[in-house]
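One-letter residues, chain by chain:
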Amino acid sequence: MTVRLHWFLPTGGDGRTLVDRHAYAHNASAPGVREPDIEYLAQIAKAAERLGFEAVLTPTGTWCEDAWLTTVALSQHTERLKFLVAFRPGVISPTLAAQMAATYQRITRGRLLLNVVTGGDSAEQRRFGDHLDHDRRYARTAEFLSVVRGAWRGEPYDFHGEHYRIDGGLTALPPDPLPEIFFGGSSAAAGPVAAEHADVYLTWGEPQQQVKEKIDWIRSLAEERGRTVRFGIRLHTISRDSAKEAWGAADRLLGDLSDTDIARAQSLLGASESVGQQRMLALHGGSRDGLEISPNLWAGVGLVRGGAGTALVGSHGDVADRIEEYHALGIENFVLSGYPHLEEAYWFGEGVTPELAARGLVAP
């Protein structure tokens, strides 16, 4: 099993610090904001392709451009790069999603991967007209994925569940190849859905022992169902020619954050229903002290950003060492990012990737 490397498209905006840089937020005029226009995103996509990343993750939510439309446009600016499209299953028909995926595969000649985001923030879900509670959202996701896979068979598919009633669901021309389904979730409600439906279970970056516990959990649930699930991890990276330079870059990311900024962000993030988000918050407790929570794993991003809140920080060799260790636990897919995303793609692709290639972990 070799390492599969993926990068990230900042479709909500980009910048050089961790201060909220969403281009559509209230402080969009702050210095250093890079709007997520197609020209800038194309630069990142082309860089990712040039540097050997297999795919780029594109997020979903209020403050992002639509992932389906953005990535299919970017497919016309690239040749081989795949797109890991995040979307919320509760706000779209599963049969329509199956059809969209099939069309996407034909347009891009097979470059679609799917990241199913059930959603851990009820306020965000309600913006899209979704009023189910946390656990019922996961139950609906299980039904959604059953319908999608059923519709991909290419013959009429019936499904009568609590959330969907489908009569003769059909994708007349199924996608070829079938898109891999990436899925994450740390709650008791999420585990069985991952075990039953995911091709790749994706976790946010935690210390290795905690990641191992998650892998063992999902692997056991999948084995009970006669399935095999592969694993991925979502991390930021700050890689430099020396460890001193890398940690200096990490410190600069926090340079313009006040204690008020951090307290405000922690209050908002603390209201999330996401078990994964609560695990991220527990790694640092809202404090600037002790942010290196395990060797080269830095929790500074999570002081003010939701979702993936940790970064691998160090020399190119240090970061390669930690990736090799996660890989030994069973992690195959590494979905990475950094601020700003264009520059950090080059730091990683020209620094860490050759280290991994020398160890036989990626193709040279």
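To start, this report covers the structure provided alongside it. (Residues numbered from 1 in each chain as written. Predicted model: local features only at pLDDT ≥ 70, side-chain atom pairs only at ≥ 80, totals over all residues. Heavy atoms only, no water.)

1. Description of helix α11 (residues 316–329)
The first and last C-alpha atoms of α11 sit 20 Å apart over 14 residues, in line with the 20 Å expected at 1.5 Å per residue. H316, G317, V319, A320, R322, I323, Y326 and H327 are the residues of α11 that are buried. Buried residues in α11 make contact with α7 (208–224), β9 (230–240), β11 (297–298), β12 (311–315), β13 (331–337) and α12 (341–358). Just downstream of α11, G330 is the residue with a positive phi angle, here 125 degrees. (Helix = DSSP H or I, 4+ residues; strand = E, 2+ residues; numbered from the N terminus. Expected span 1.5 Å × (residues − 1). Buried < 20%, exposed > 50% of the residue type's maximum accessible area, 1.4 Å probe, protein only. Contact = heavy atoms within 4.5 Å.)

2. Remarks on the pattern of salt bridges
On inspection of all chains with the given rule, the structure shows 24 salt bridges. With a closest N to O distance of 2.8 Å, E343 and R34 form a salt bridge. Pair noted here: E343 is in helix α12 and R34 is in the loop between β1 (4–8) and α1 (38–50), with a separation of 309 residues, a long-range link. E54 is the partner of K82 in a salt bridge, and the nearest nitrogen-oxygen pair spans 3.5 Å. Here E54 lies in the loop between α1 and β2 (55–58) and K82 lies in strand β3 (residues 82–87), a separation of 28 residues in the sequence. Using a relative accessible area of 26% as the deciding quantity, one classes K82 as partly exposed. Here the salt bridges share partners, and the residues they tie into one network are R4, E54, K82, E180, R230 and E332. (Salt bridge = Lys/Arg side-chain N within 4 Å of Asp/Glu carboxyl O.)

Bear in mind that shape data such as this cannot, by itself, settle questions of function.
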